[in-house]
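# Coordinate inspection notes
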Amino acid sequence: MADSKSRQKKPVLSISLLASNRKATIRKCLDSLKPIMEQVESELIIVDTGCDEETHDILLEYTSHVILFEWCKDFSKARNAGLKEAKGEWFLFIDDDEWFSDVSEIVEFFHSGEYKNYGVACYIQRNYMDYQEMRYSDSWVSRMICLDSDTRFVSRIHEYLYPVKGACKLLHSPAKHFGYVFNSEEERYKHSERNISLLLEMIQEEKGHLRWWEQLAQEYRGIREYRKLEELCEDGLNFIKRKNNRESNKARATFYAGKILAELYGYRLEEAEQSYHKAIQDKRNSTMCQARLYSFGAEIYYKKEEYAISADCCEKYLQIYEQLKEDEIAKFEQGAFFIEEGFEEMVRNSVYSWYICCKLKEQDIETLKKYFFCFHWEGEVLTLQTVLIPAIMDAMVSFSFDPDFVKMADTMMNRKGPDEQVLSILMKKEKEAPEEYKKLAKIFAQISHKHYFIWHTKIRNVDFLHQEESISVQEQETLKEYYQGLFSCVIDIFKLDDSIWEIAERYKISLEPLFEKIPFDQWKRGIDSFCENTSLEKIEERSKLIKNVTNSCNTRYEYFALKAAEARIVYGMGREDYACLRQLFYEFIEKSFAFYGEFFKKNAFEGEMELLPISCRLAVHLKKALDSEKEGNLKQTLEYIKACAGVFPSFDPAIKAYVVLYGEEKKREKEKKEEAAKEVKKDMQKIALQIKAKIPFLIEENRVAEAADIIKQLRSYLSDDIDLDRLEKEVQMRLS
């Protein structure tokens, strides 16, 4: 390795790494240095500021030149410990939370001998805001210097090399840096509080050192302490009010920008406008500072709805941007905190956004067409989502159809991570502004994106174009492709809008072949979700649809029928009607056996039934209960019903309702029997009275024995009849 050679002769480059026990990134950092060390005569010096034994062993895998340093809250002292032992002509320093993704320019810088013409070099530090590497900002960092006897690190925090001598070379070798990604706000605040306390101490010790003021402003912004940021910048402006040199002018730019930022984030537009006016009139500002101020002006006046002024600010910003965009040295030299970000993608996209929106207010579509594709649409930019995209969608509705609109729609939808703002607007227009949706449908129907609502819009657009007239065979095939695309990316097709099913029926699109192409597990998941999360009314509608559009019986349709039967019970249908609930139970049992009977042998439906899904187990218990009830075995019925409880919790309310209804039904049956018996008894009593009326005639005719026999028979119906008692005594007297 180049590290061993560096002991034999003076290395060209000394690389110093500050290691602080970051296990997740230390290897990435060290491995990224290998290509440099393999191609440039180098030495690696690692300053261990408190690594554990495991991490320390990793360091020793890469070099034996590891310096143990006891951390003392002073980054310069730690850096100087490594610098002190550096023997190279040049010196490069790096942290263990960053690593190079491309070192080709650094290697070429030394290979070509170009390094001999410079005193310092910068590479790009790519500061990520998330671990997914979606959001980041680039900045030049002065991390490489030609070593001199008086070269040293200064500053306890945000340390830097001093003095810097000679020309500066900008190298486009990016180093990924994740030091500003935090797992929680608490972690962010803890990190900033450490930095802030050190910076405040240094300002107290050396008030005239403006670099500390600028660093402190950056820290306040990082933790959204906007009041403190504003106060610091106001104090800074007053402190250097009458100064006019490179250092004070650079700091002044930071203070102007920081104050306006704080006021904008505090939603104080009037104060932000006043600060902007004061700053923009200051002749000491650099050209790049002016550009950043114009970007603020664009935002301020757009939010104040003074669109002409906002557009003017945008034009002035863009003029400076075009002037400086290729001049890296000028941008580097003029850059200050909050200023250097003025040409970054996020700010530039914001200016494009304000400018386009202002011009659209004036019915100017050409500005949109000119600048739309200047955006880097892969980025996650708030202005795009909250301002520009709604304005573009409104323009698509307001202006005549333009093929460029299709390109714009395709770009907005196919950016990395589809823009939900576009989809939400499109969906909202369909529901609330149908005529506007028609215009958008014509545009979005022509894009290539595979989102389900784009397929939905393609289908709707066909209907808009034909207005219920017949379509050609080719158009019908195209429509089938749209349905295939829609069904392929939607798990729950039955939740789709009613219009989708109506259009299929209107243009005679056979859906059954498309249903058959849906994998059964997807079909099942969709039906489960649909039946659990929609209304019973909608389930019934889709049940009718299945019957209407399918001509065959297969497993997938049987499963839908089963879930529909299950839903009717779960959603409370029939719980007040014994016969209705009983019929629903029978339907559920029938559908369960029809579906699960295809997959399980007969013996699976007996015993513990561990293999059966719980809903099917319940169907078995219910069948036993209903069969027992039909046989009239009350005790057995109640036992089976009791066994149903808790098997399939979704059915428990229906089971309880059935028990109540069953009890009420049995009570009604008993009452009917009793009532019938009473009626019979009344009828018999009427007959008995009629027969009793004949007894006196039998006595007169001396048919006493016959009368006695009749009295005996009538006694069970006329037990308390006094007249019958009298007749009985008379008959007994005659017989005696």
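Residues numbered from 1 in each chain as written. Predicted model: local features only at pLDDT ≥ 70, side-chain atom pairs only at ≥ 80, totals over all residues. Heavy atoms only, no water.

## Things to note about the pattern of salt bridges
Considering all chains together, one arrives at 61 salt bridges under this definition. Among the ionic pairs, D521 bridges to R525, the shortest N-O distance being 3.7 Å. Of this pair, D521 and R525 are both found in helix α24 (residues 520-533), 4 residues apart, which corresponds to roughly one turn of the helix. For D521, a relative accessible area of 46% corresponds to the partly exposed category. Because the salt bridges share partners, they merge into one network encompassing R227, E230, R268 and E271. (Salt bridge = Lys/Arg side-chain N within 4 Å of Asp/Glu carboxyl O. Helix = DSSP H or I, 4+ residues; strand = E, 2+ residues; numbered from the N terminus. Buried < 20%, exposed > 50% of the residue type's maximum accessible area, 1.4 Å probe, protein only.)

## Here we look at the sheet that holds strand β5 (residues 98-100)
Sheets are built from strands paired through backbone hydrogen bonds, the pairs being either parallel or antiparallel. Strand order in the open sheet formed by 8 strands is β3-β2-β1-β4-β7-β6-β10-β5, with mixed pairing between adjacent strands. A strand with exactly one partner marks an edge of an open sheet, and here the two such strands are β3 (66-68) and β5. Across the sheet, the axes of successive neighbouring strands diverge by a mean angle of 30°, strand direction being ignored. In terms of strand pairing, strand β2 (residues 42-48) meets β3 through 3 bridges, oriented parallel. Along β3, the bridge assignment pairs V47 with I67. Lying on the sheet, helix α4 (residues 75-83) is in contact with β1 (13-19), β2, β3 and β4 (90-95); it crosses β4 at an angle near 135°. (Pairing = 2+ DSSP bridges. Axes fitted to C-alpha atoms, helices over the stretch in contact; angles between N-to-C directions. Contact = heavy atoms within 4.5 Å.)

## Some thoughts on the nonpolar core
The nonpolar side chains of soluble globular proteins are, as a tendency, buried together. Counting residues in each nonpolar core, the largest one holds 117 residues, and the members touching the most others are L368, M393, M396 and F444. With 10 residues, helix α11 (residues 287-303) is the largest single contributor of residues to this core. Contact partners of L368, with chain neighbours within four places excluded, come to I356, L360, I392, A395, F405 and M408. Core analysis: the second largest hydrophobic core is formed by 67 residues, Y483, L536, C616 and Y658 among them. (Core = buried A, V, L, I, M, F, W, Y, C linked by side-chain atoms within 4.5 Å.)

As far as function goes, none of this settles anything; it's purely spatial.
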